[in-house]
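Notes for the structure review
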Amino acid sequence: MSFVVGLTGGIGSGKSVVARLFAERGVPVIDTDVTAHALTAPGGAATSAIRAEFGDGMLDAEGALDRVAMRRLVFAEPSARKRLEAILHPMIRSESDRQLAANSAARYVILVVPLLIESGDYRKRVDRVAVVDCAVATQIARVMARNKLARDEVERILAVQAARSERLAAADDVIDNDGELAGLPPQIECLHRQYLALRSHVG
Ligand code: ADP
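Now for a description of the structure that goes with this document.

Definitions and limits used
Residues numbered from 1 in each chain as written. Predicted model: local features only at pLDDT ≥ 70, side-chain atom pairs only at ≥ 80, totals over all residues. Heavy atoms only, no water. 1 Å grid on protein atoms, 1.4 Å probe; cavity = no way out; pocket = protein on both sides within 12 Å on 5 of 7 lines; lining within 4 Å. Points joined across faces, edges and corners; volume = space filled by probe spheres on them. Helix = DSSP H or I, 4+ residues; strand = E, 2+ residues; numbered from the N terminus. Nonpolar A, V, L, I, M, F, W, Y, C, P; charged D, E, K, R; others polar. Buried < 20%, exposed > 50% of the residue type's maximum accessible area, 1.4 Å probe, protein only. Arc of directions from axis to C-beta. Contact = heavy atoms within 4.5 Å. Near = heavy atom within 4 Å. Polar contact = N/O pair within 3.5 Å; in protein donor to acceptor, adjacent residues only side chain to side chain. Sits in = over half its atoms within 2 Å of the grid points.

**Overview of empty space enclosed by the protein**
Evaluated as defined, the whole model comprises one cavity of 30 Å³ or more. Size it by volume and the largest cavity reaches roughly 40 Å³. Taken together, Gly10, Ser13, Val131, Val132, Asp133, Cys134, Gln139, Arg164 and Arg167 make up the lining of the largest cavity. Counting residues per element, the ones that place at least two in the lining of the largest cavity are strand E4 (128-133) and helix H9 (164-170). Among the elements that line the lining of the largest cavity, the one with the most residues is E4, at three residues. Grouping the amino acids of the lining of the largest cavity by side-chain chemistry returns three nonpolar, three polar and three charged.

**Comments concerning helix H4 (residues 67-76)**
Taken together, the buried positions of H4 are Ala69, Met70, Leu73 and Val74. The arc that holds the buried residues of H4, viewed along the axis, is 130°, so those residues lie on one side. Facing away from the buried side of H4 by over 90 degrees, the exposed positions are Arg72 and Ala76. In this fold, the buried residues of H4 make contact with helix H3 (47-54) and helix H5 (79-102).

**Focus on the site of the ligand**
As a matter of local geometry, the ligand sits amid 14 residues, with Lys15, Ser16, Arg146, Asn177 and Gly179 nearest to it. At 2.7 Å from an oxygen atom of the ligand is found a side-chain nitrogen or oxygen belonging to Ser16. Take Gly179: an N or O atom from its main chain is 2.9 Å from a nitrogen atom of the ligand. In this structure, the ligand is accommodated by the largest pocket. In terms of residue count, helix H1 (residues 15-24) provides more of the shell around the ligand than any other element does, three residues in total. Here the residues of the shell around the ligand sort into three nonpolar, seven polar and four charged.

This is the structure we're talking about:
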């Protein structure tokens with residue numbers, strides 16, 4: 001089994017940008033967010049279970065999960081999040097396991113898990129935790145711009161995520177992404193060299 005580096009960070013911290021830099025160095029990247037999107041895209045494996053659980057109102061005209069409607073439901077009715085997670089999490093987990101097995105020859109793999117800190121389960125499944133970090137104000141500005149959301153909508157998403165301090169406390173490695181994008185490659189290059197030199201304690 002490869003050494004597994006769990007890559008996490010709050011929404012908008014820059015996980016996707018960082019994951020791409022590892023991928024450019026030939027590192028297999030397994031992204032649970034990408035898997036979640038595929039499962040909930042038109043014809044995705046989770047869509048029929050979502051329809052059965054929540055009704056047609058949670059799917060859009062193409063048959064994909066309607067994220068805006070789901071976000072509203074979850075904020076109005078927190079138990080809906082648990083019902084959605086009960087459908088998605090086992091599917092994401094088995095797909096991650098499949099991809100980990102398919103990449104078992106790699107020296108190490110990056111497993112992107114947005115809510116790694118929040119999930120005791122995933123922390124047990126990674127050998128090391130790398131956190132992409134930036135100021136909360138930076139996160140808010142990026143997500144408002146990327147997702148076309150109002151400030152209070154972003155703040156509500158942040159409220160259900162771990163605090164910056166909790167993530168930093170759990171980090172083995174911290175990637176500082178508060179500045180220019182050009183600040184990232186040297187940090188990723190340095191971590192890449194370290195990770196190549198590490199060995200899995202489970203393999
Ligand atoms: P995450 O995957 O953690 O939600 P992304 O990697 O998608 O975050 O980054 C969030 C947004 O901010 C994207 O639109 C991305 O292009 C932008 N971004 C990320 N890092 C920087 C940076 N250092 N400077 C400027 N924009 C950035």
